[in-house]
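Overview (structure and organization)
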Amino acid sequence: MKTFHNPHHAAHAGQQEMFRGRMVPCHEVPARLDFVLAELQRRPLGALHTPEVGDAALDAAIGRVHSARYVDFLRGAWAEWVAMDPANAQRDALPSVWPLPNRHGFRNDVLPFNFAARLGLFSFDSGSPLTAGTWTAARGGAACALAAAQDVVAGARSAFALSRPPGHHAGPDFLGGYCFLNNAAIAAQALRDAGHAKVAVLDVDYHHGNGTQTIFYERADVFTVSIHGDPSTEYPFFLGHADERGADAGEGFNLNLPLPRGTGFDTWRATLATALQAVSDAGATALVVPMGLDTFEGDPISGFTLKSADYFAVGEALAGAGLPTVFTFEGGYAVDAVGTNAVNLLEGFQQAAA
Ligand code: Q9C
Ligand code: ZN
């Protein structure tokens, strides 16, 4: 399989995230992607490419899943931040006030003029710093997702979007969870637009793929399924429960499979079999896998106990779906193991798919 990697990814390098009342170093660092690239050079799966997609095509693909006002905000955010105070050029932008949605409470339909208020309107946490290069990097990551989808449309069995920053927490009009543009949703929508009548998204990141769920929640043409830490105790907390099954036309086309913190590979892989059966039942003709490696036992912010060797079996099981598959790169914060774990999964897939 080809890998499409983002040459602009390192332009997004947050300094700190808010954690329990303190600023701590960011977990989502550029070295993550470099470790994957280094492992791909040791154990090649196929050619390495930077994405070649036209500006207009990319903007259109992003606009298929994100609102215009959100994209406009992201594109101009850094300039606005620096305009507030020239000293901001040395600081990341983080939100500190949010319009908590409540009946007859705060409004989110009126766009505030104040930048700090708009940053809060378009964010759901204070752990996702917006930096000078965030837009360039996020757009480059989205280009990887689009290029990978196009490769699969052209007949490839699979393609890997080595996208960074990650994407699965980003919704139609919000950032959060280290994510700005939802690469997996962009790929899924591109597959739909290229003629796949039904696309499945199977999210294997430790954290619930809330952004992807929200984007497709009312739609029957994209079936979303996620295996993740139970949101009662795990981030993103406010979505990802088993009773969220989709709404309106999308009723029955979302499946959440939360597992308790501490879950090991035996239970996790049985849950993957449940997810794959649901993908098969949905009748999808293409698959997108938001690939988080933060299910790893050594992950510093997560709570499952998968071992490096287990990822071969994960890839093998995913190949068993028999569908053209796009992988996007999501979480995984045990930085020196993330390359091994990612390539193990993809190699397991590729060998089983051959
Ligand atoms: N102390 C992804 O894996 N903060 N995002 C956790 C832990 C947010 C994870 C704080 C975790 C976001 C793409
Ligand atoms: Zn994650």
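Everything below is about the structure printed above this text.
Residues numbered from 1 in each chain as written. Chains lettered and ligands numbered in written order. Predicted model: local features only at pLDDT ≥ 70, side-chain atom pairs only at ≥ 80, totals over all residues. Heavy atoms only, no water.

Here we look at the sheet that holds strand β7 (residues 222–229)
For clarity, the cut-off: Two strands form a pair only when DSSP identifies at least two bridges running between them. A run of H or I in DSSP becomes a helix once it reaches four residues, and a run of E becomes a strand once it reaches two; helices and strands are each numbered from the N terminus. The contact criterion used is simple: two residues touch if any of their non-hydrogen atoms lie within 4.5 Å. Here, axes are lines fitted to C-alpha atoms. For helices the fit covers the stretch in contact, and angles between N-to-C directions go from 0 to 180 degrees.
Reading across the sheet, the 8 strands line up as β4-β1-β5-β10-β9-β6-β7-β8 and stay open at both edges, with parallel pairing between neighbours. Since the sheet does not close on itself, it has two edges, and those belong to β4 (48–49) and β8 (254–259), each with one partner. One ladder, built from 4 bridges, connects strand β5 (residues 158–162) with strand β10 (residues 325–329); its direction is parallel. Looking at the pairing, alanine 161 lines up with threonine 328 of β10. The strands touched by helix α8 (residues 265–282) are β6 (199–203), β7, β8 and β9 (286–291); relative to β7, the strand with the most contacts, the crossing angle is about 175°.

Points about the state of the cysteines
The condition that has to hold: Throughout, disulfides are identified as pairs of cysteine sulfur atoms within 2.5 Å of each other.
Inspection of every chain in the model, using the stated rule, returns 0 disulfides. Note on cysteine 179: no disulfide assigned, nearest cysteine sulfur contributed by cysteine 26 at a separation of 13 Å.

Digging into the coordination of the zinc ion (ligand 2)
Note the following rule: Listed donors are limited to N, O and S atoms within 2.8 Å of the metal, widened to 3.2 Å for Na, K and Ca; water is not among them, so incomplete-looking sites are possible. Think of it in three bands: with a 1.4 Å probe and only protein chains considered, a residue is buried below 20% of the maximum accessible area for its type, exposed above 50%, and partly exposed in between.
Of the protein atoms, only Asp205 (OD), Asp205 (OD), His207 (ND1) and Asp294 (OD) coordinate the zinc ion (ligand 2), at distances of 1.9 to 2.8 Å. Written as a sequence motif, the donor residues of the zinc ion (ligand 2) are D-x1-H-x86-D. Taken as a pair, histidine 207 in the loop between β6 and α7 (210–216) and aspartate 294 in the loop between β9 and α9 (310–319) lie far apart in primary sequence, 87 residues in all. Taken individually, histidine 207 and aspartate 294 each receive the classification buried, so the pair is uniform in this respect.

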